[in-house]
Amino acid sequence: MYAQMVKTDAARVKSLDEMEPQERAFQERIDAGQKIEPKEWMPEAYRKTLIRQISQHAHSEIVGQLPEGNWITRAPTLERKAILLAKVQDEAGHGLYLYCAAETLGISRDEMYGQLHSGKAKYSSIFNYPTLTWADIGAIGWLVDGAAIMNQVPLQRCSYGPYARAMVRICKEESFHQRQGFDILTVLCKGTPEQKAMAQDALNRWWWPSLMMFGPSDDASVHSAQSMAWNIKQDSNDELRQKFVDQTVPQARFLGLTVPDPDLKWNEEKGGHDFGEPDWTEFFEVIAGNGPCNRERLEARRKAWDDGAWFRDALTVHAEKHAVRKTPAAAA
Amino acid sequence: MTSEWPLWEVFIRGQHGLNHRHVGSLHAPDAKMAIHNARDVYTRRNEGVSIWVVRSSDVVASAPSDKGPLFDPANSKVYRHPTFFDVPDEVGHM
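Every value quoted in this text rests on a predicted model; they were computed, and no experiment measured them.

What follows deals with the overall build of chain A. Scanning chain A from N- to C-terminus turns up 14 helices and two strands. In summary, chain A has a C-alpha radius of gyration of 22 Å against a globular reference of 20 Å for 332 residues, a match within 12%. Taken across its 332 residues, chain A has 52% of its residues classed as buried. In chain A, 78% of the contacts between residues at least 6 apart in sequence involve partners at least 24 apart. Carbon and sulfur atoms provide 56% of the accessible area of chain A, an area that totals close to 15400 Å². Each charge class in chain A can be summarised by its mean position, and for the 40 positive and 46 negative side chains these summaries are 6 Å apart.

Right, let's get into the overall build of chain B. Along the backbone of chain B there are two helices and three strands. Along chain B, helices (α) and strands (β) appear in the sequence β-β-α-β-α when read from the amino end. Taken over C-alpha atoms, the radius of gyration comes to 21 Å for chain B, far larger than the 12 Å a tight globule of 94 residues would show. The buried share of chain B, taken over its 94 residues, is 23%. Long-range pairs, those at least 24 residues apart, make up 43% of the contacts in chain B between residues at least 6 apart in sequence. In the form shown here, chain B has an accessible surface area of approximately 7000 Å², with 56% of it arising from carbon and sulfur atoms. Positive and negative charge centroids in chain B, built from 10 and 11 side chains respectively, lie 8 Å apart.

Our next topic: the pairing of strand 1 (residues 7-13) of chain B. Residue and element names in this part refer to chain B. Where strand 1 lies against strand 2 (residues 20-27), seven bridges are found, and the strand directions are antiparallel. Its bridge partner lying in strand 2, Trp8 is registered against Leu26. Where strand 1 folds back on strand 2, the antiparallel hairpin that results is connected by six residues, among which Gly17 adopts a positive phi of roughly 65°. Across six bridges, the pairing between strand 1 and strand 3 (residues 50-55) is antiparallel. Bridging across to strand 3, Ile12 finds its partner in Ile51.

Moving on to the environment of A:Ile72. All names here are of chain A. Turning to its location among the elements, Ile72 is positioned in the loop between helix 3 (65-69) and helix 4 (78-103). Its relative accessible area of 14% is what places Ile72 among the buried residues. Taking the C-alpha atoms as reference, Ile72 lies 9.3 Å from Ile83; in sequence the two are 11 residues apart.

All names here are of chain A. Within the secondary structure, Leu116 sits in helix 5 (residues 109-118). Distance from Leu116 to Leu298, taken between C-alpha atoms, is 8.0 Å for residues 182 residues apart in sequence. Dropping the residues within four chain positions of it, Leu116 is found in contact with His59, Val63, Tyr99, Ala121, Tyr123, Leu298 and Arg301.

The next thing to look at is the sheet that holds strand 1 of chain B. All names here are of chain B. Taken in spatial order, the three strands make up an open sheet running 2-1-3, and their pairing is antiparallel. Edge positions in the sheet fall to strand 2 and strand 3, since each of these pairs with one other strand and no more. Taking the axes of each pair of neighbouring strands and ignoring which way they run, one obtains an average angle of 25° across the sheet. Strand contacts of helix 1 (residues 31-42): strand 1, strand 2 and strand 3, with the helix running at about 110° to strand 2, the strand carrying the most contacts.

Another aspect to go through is the pattern of salt bridges. Under the definition given, this model contains 22 salt bridges over all chains. A salt bridge links B:Arg44 to A:Glu173, with the shortest nitrogen-to-oxygen separation between them at 2.9 Å. Residue B:Arg44 is located in the loop between helix 1 and strand 3, and its partner A:Glu173 is located in helix 7 (residues 161-189); the two belong to separate chains. Overall, A:Glu173 belongs to the buried group, its relative accessible area being 4%. Put simply, B:Arg45 and A:Glu173 hold a salt bridge, and the shortest N to O gap is 3.2 Å. Residue B:Arg45 is found in the loop between helix 1 and strand 3, and its partner A:Glu173 is found in helix 7; the two belong to separate chains. Salt bridges sharing common partners tie together A:Glu68, A:Lys87, A:Glu91 and A:Asp145.

End to end, helix 6 (residues 134-155) of chain A covers 31 Å across 22 residues, agreeing with the expected 32 Å (1.5 Å per residue, within 8%). If you look at helix 6 of chain A, its biggest bend is around 35°, right at A:Ile140.

Residue and element names in this part refer to chain A. Applying the stated criterion to the full structure yields 18 aromatic pairs over all chains. On the basis of an interplanar angle of 75° and a centroid distance of 5.3 Å, the ring pair of Phe283 and Phe284 is categorised as edge-to-face. We classify Phe283 as buried; its relative accessible area is 1%. Classification of Phe284 as partly exposed rests on a relative accessible area of 41%.

Taking 1.5 Å per residue as the helical rise, helix 13 (residues 309-326) of chain A with its 18 residues ought to reach 26 Å, and the 26 Å between its terminal C-alpha atoms agrees with that figure. Those residues of helix 13 of chain A lying buried are A:Ala309, A:Arg312, A:Asp313, A:Leu315, A:Thr316 and A:Ala319. Buried residues of helix 13 of chain A, viewed axially, fall in a sector of 160°; they line one side. For helix 13 of chain A, the exposed residues lying more than 90 degrees away from the buried face are A:Trp310 and A:Arg325. The inward-facing, buried residues of helix 13 of chain A contact helix 12 (294-307) of chain A together with helix 1 of chain B.

Counting 88 residues, the largest nonpolar core has A:Tyr46, A:Ile54, A:Tyr160, A:Tyr163, A:Trp206, A:Trp207 and B:Leu26 as the members making the most contacts within it. Excluding its chain neighbours within four sequence positions, the residues that come into contact with A:Trp207 are A:Leu143, A:Phe244, A:Val245, A:Thr248, A:Val249, A:Val259, A:Pro260 and A:Asp261.

How each quantity is defined
- Residues numbered from 1 in each chain as written.
- Chains lettered and ligands numbered in written order.
- Predicted model: local features only at pLDDT ≥ 70, side-chain atom pairs only at ≥ 80, totals over all residues.
- Heavy atoms only, no water.
- Helix = DSSP H or I, 4+ residues; strand = E, 2+ residues; numbered from the N terminus.
- Rg over C-alpha atoms; globule rule 2.2 N^0.38 Å.
- Buried < 20%, exposed > 50% of the residue type's maximum accessible area, 1.4 Å probe, protein only.
- Contact = heavy atoms within 4.5 Å.
- Areas by Shrake-Rupley, 256 points an atom, 1.4 Å probe, with all protein chains shown as cover.
- Lys, Arg positive; Asp, Glu negative; His and termini not counted.
- Charge placed at Lys NZ, Arg CZ, Asp CG, Glu CD.
- Pairing = 2+ DSSP bridges.
- Axes fitted to C-alpha atoms, helices over the stretch in contact; angles between N-to-C directions.
- Salt bridge = Lys/Arg side-chain N within 4 Å of Asp/Glu carboxyl O.
- Expected span 1.5 Å × (residues − 1).
- Bend = angle between axes of the 7 residues up to and from the residue.
- Phe/Tyr/Trp six-rings, centres within 6.5 Å; stacked < 30°, edge-to-face > 60°.
- Arc of directions from axis to C-beta.
- Core = buried A, V, L, I, M, F, W, Y, C linked by side-chain atoms within 4.5 Å.

Here it is, written out as structure tokens:
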């Protein structure tokens, strides 16, 4: 997902009986489906976990602009270029909504940027893969945004008010992203044999990394159990992955593309697909910073930040100068 | 230098003659840039016809712990709601 394997500091999930009165009251509010708002009391671990999760989510939106930005100047038509530009601008907006939500928990924007640039904070593994052809832009919208929607929709109901509200805004816009991707692939699949082959090649390269987005099975994870108790995670990684596969396979069939998994087959009994296991060694390598584009992505973000420093400073100085001029005392 | 830009709260009036509503916040060096940024961040799909921005540090908020003392006095005054009064059927709509 956009936030993968978020740690909670929990050794195990406490029962209501084991909690101090304040924490019990907090947990009971969450169990009753109430929202927690910024200035209200919350356990320190809840605050820290949310900061990790929301900032990681925000970083993913921001870094996610890079693979797609790669194709803005090379989009095949002016219309496609305008659409892609709008899509990438949305990703920037999503990052900003989320950074603001995280800031309500007491971390500053610059601290979060610092954590991204130093490599301390993570972002989704998926954005460390390269976009080699135009069809990759289609595959990202269709698969990557499609996978993101799977867990962002339930997050609209999560327990932390600012995060839930940011998710509502994001989900409204996300469906445009997925459809524009599918539309790119539809056109390619109806085109020349070379174009169709390009679409198939993109699916071959993006399928497994997309399944990895959900993270390894977390049925035995204390962190996932704790996050679910806090209602900042609603479904297990395997449940979401299953849902994603079941939704996506018929769409691939519509496109006339073959999902690159020899083990994929419909299981009538469970009413879903059986499918192969992603290569988790690759996933952990990417998470550890050794994916095909990790270094390039971080360098691009650091460079953008450093190159923009003079401009941010100049606007600050400009604003201060004008504020002084407007004060009558200073003019006298 | 490199100090962080101040935080602004953003309020947008939707298309239909509604009140301005809080939609979120953003960082900007001054009010003018805050409006420009708010347009790009919060109204990319015609969500509004008017934008207010207020420095977050200028917002005065009630404390969550004051919830009881602040709002309890209204609880006992049910007669403020029209449904408190029975209107006889023969009177009809009122």
